[in-house]
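Take a look at the letters that make up each chain.
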Amino acid sequence: LTGLQELNLIDCSAVQGNLSSLGQLTGLRMLELWGCSKIEGDVNALSGLTKLTVLSLAHTKVQGDVNALSGLTKLTNLDLCGCEKLEGNMDALRQLTKLEKLYLGNCSQVEGDIIALGGLTKLTHLDLRRCSQVQGNLSALSQLTALKELRLNGCTQVEGETRRISGVLPQGNIL
């Protein structure tokens, strides 16, 4: 299976296992485990999957530090929504300059200043809903000119006026 390029188990709630067994699939370009609520393990097991362009671990029971993903520089889509046991600082994500979609909604233990995301200029979708440890000023996102959708509800430590970045979202939504 080392030549496997895509693994899609979306919404397979009966599938259970640990991420550690996937770390050997170094040829993977796409790993989608969205909704596999019985998948667990430390995201550090995936740090060697440097060919990944899509990684979706949304609504799994994974844990660990988001810093483990900082070397996955080919990622264009990263979905960690609902991974409530993930922790660490968003600063680790600044390396992922090819990201177009970043979903961190309900990652309540991920912390840091949104300025770390200011250089991700290819972002079209950014979801930080209920990331209560995330802080900073919305002006840090003013360079994200490709942004079409920004979700910030429940980000109680993010400040600033949405009208300052509404020009960045000419055809998008601030939610």
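Everything discussed here concerns the structure shown above.
Residues numbered from 1 in each chain as written. Predicted model: local features only at pLDDT ≥ 70, side-chain atom pairs only at ≥ 80, totals over all residues. Heavy atoms only, no water.

1. Concerning the overall build of the protein
- When helices and strands are counted, the protein shows one helix and 15 strands.
- Per-residue burial over the protein gives 44% buried out of 175 residues.
- Counted over contacts in the protein with a minimum sequence separation of 6, partners at least 24 positions apart contribute 42%.
- Here the protein displays about 8300 Å² of accessible surface, and carbon together with sulfur accounts for 42% of that area.
- Taking the average place of the 16 positive charges on the side chains of the protein and the average place of its 17 negative ones, the gap between the two points comes to 6 Å. (Helix = DSSP H or I, 4+ residues; strand = E, 2+ residues; numbered from the N terminus. Buried < 20%, exposed > 50% of the residue type's maximum accessible area, 1.4 Å probe, protein only. Contact = heavy atoms within 4.5 Å. Areas by Shrake-Rupley, 256 points an atom, 1.4 Å probe, with all protein chains shown as cover. Lys, Arg positive; Asp, Glu negative; His and termini not counted. Charge placed at Lys NZ, Arg CZ, Asp CG, Glu CD.)

2. A look at the environment of Leu 102
- Relative to the helices and strands, Leu 102 is located in strand S9 (residues 101–103).
- A residue is classified by how much of its surface remains accessible, and Leu 102, at 0% relative accessible area, is buried.
- Considered as a pair, Leu 102 and Asn 77 are 25 residues apart in the sequence and their alpha carbons are 6.1 Å apart.
- Sequence-distant contacts of Leu 102, that is, excluding residues within four places in its chain, are made with Leu 78, Leu 93, Leu 117, Leu 123, His 125, Leu 126 and Asp 127.

3. Here's the deal with the pattern of salt bridges
- A complete count under the given rule lists three salt bridges for this structure.
- We note a salt bridge from Asp 91 to Arg 94, for which the minimum N-O separation is 2.5 Å.
- Linking Glu 149 and Arg 151 is a salt bridge whose minimum nitrogen-to-oxygen distance equals 2.8 Å. (Salt bridge = Lys/Arg side-chain N within 4 Å of Asp/Glu carboxyl O.)

4. Looking at a negative patch on the surface
- Negative charge collects at one region of the surface, where Asp 42, Asp 65, Glu 87 and Glu 111 lie side by side.
- Positionally, Glu 87 belongs in strand S8 (residues 85–89). (Patch = residues over 30% accessible without salt bridge, like charges linked within 9 Å, V, L, I, M, F, W, Y side chains within 5 Å.)

5. Here we look at the pairing of strand S6 (residues 61–65)
- Here S6 shows one buried face, formed by Val 62 and Gly 64, and one open face, formed by Lys 61, Gln 63 and Asp 65.
- Sheet topology note: the strand S4 (residues 38–42)/S6 ladder contains three bridges and is parallel. Bridged to Gly 41 within S6 is Val 62.
- As paired elements, S6 and S8 share three bridges and run parallel to each other. Note on S8: the bridge partner recorded for Gly 64 is Leu 86. (Pairing = 2+ DSSP bridges.)

6. Quick look at the side chain of Asp 127
- Positionally, Asp 127 belongs in strand S11 (residues 125–127).
- Residue classification places Asp 127 among the buried positions, given a relative accessible area of 2%.
- Polar side-chain contacts of Asp 127 include one of 2.7 Å to the side chain of Arg 129. (Polar contact = N/O pair within 3.5 Å; in protein donor to acceptor, adjacent residues only side chain to side chain.)

7. Examining the sheet that holds S8
- As summarised here, the arrangement of the seven strands in space is S2-S4-S6-S8-S10-S12-S14, forming an open sheet in which the pairing is parallel. The open sheet is flanked by strand S2 (16–18) and strand S14 (157–159), the only strands paired with a single partner. Looking at each pair of strands side by side, their axes are set apart by 15° on average, direction ignored. (Axes fitted to C-alpha atoms, helices over the stretch in contact; angles between N-to-C directions.)

8. Things to note about unusual backbone geometry
- Even without a glycine there, the phi angle at Asp 11 is positive, about 60°.
- Locating Asp 11 in the fold gives a position in the loop between strand S1 (6–8) and S2.
- Here Asp 11 falls in the exposed class, since its relative accessible area comes to 52%.
- The phi dihedral of His 59 is positive, around 60°, even though this residue is not glycine.
- Inspection of the secondary structure assignment puts His 59 in the loop between strand S5 (54–56) and S6.
- A residue is classified by how much of its surface remains accessible, and His 59, at 37% relative accessible area, is partly exposed.

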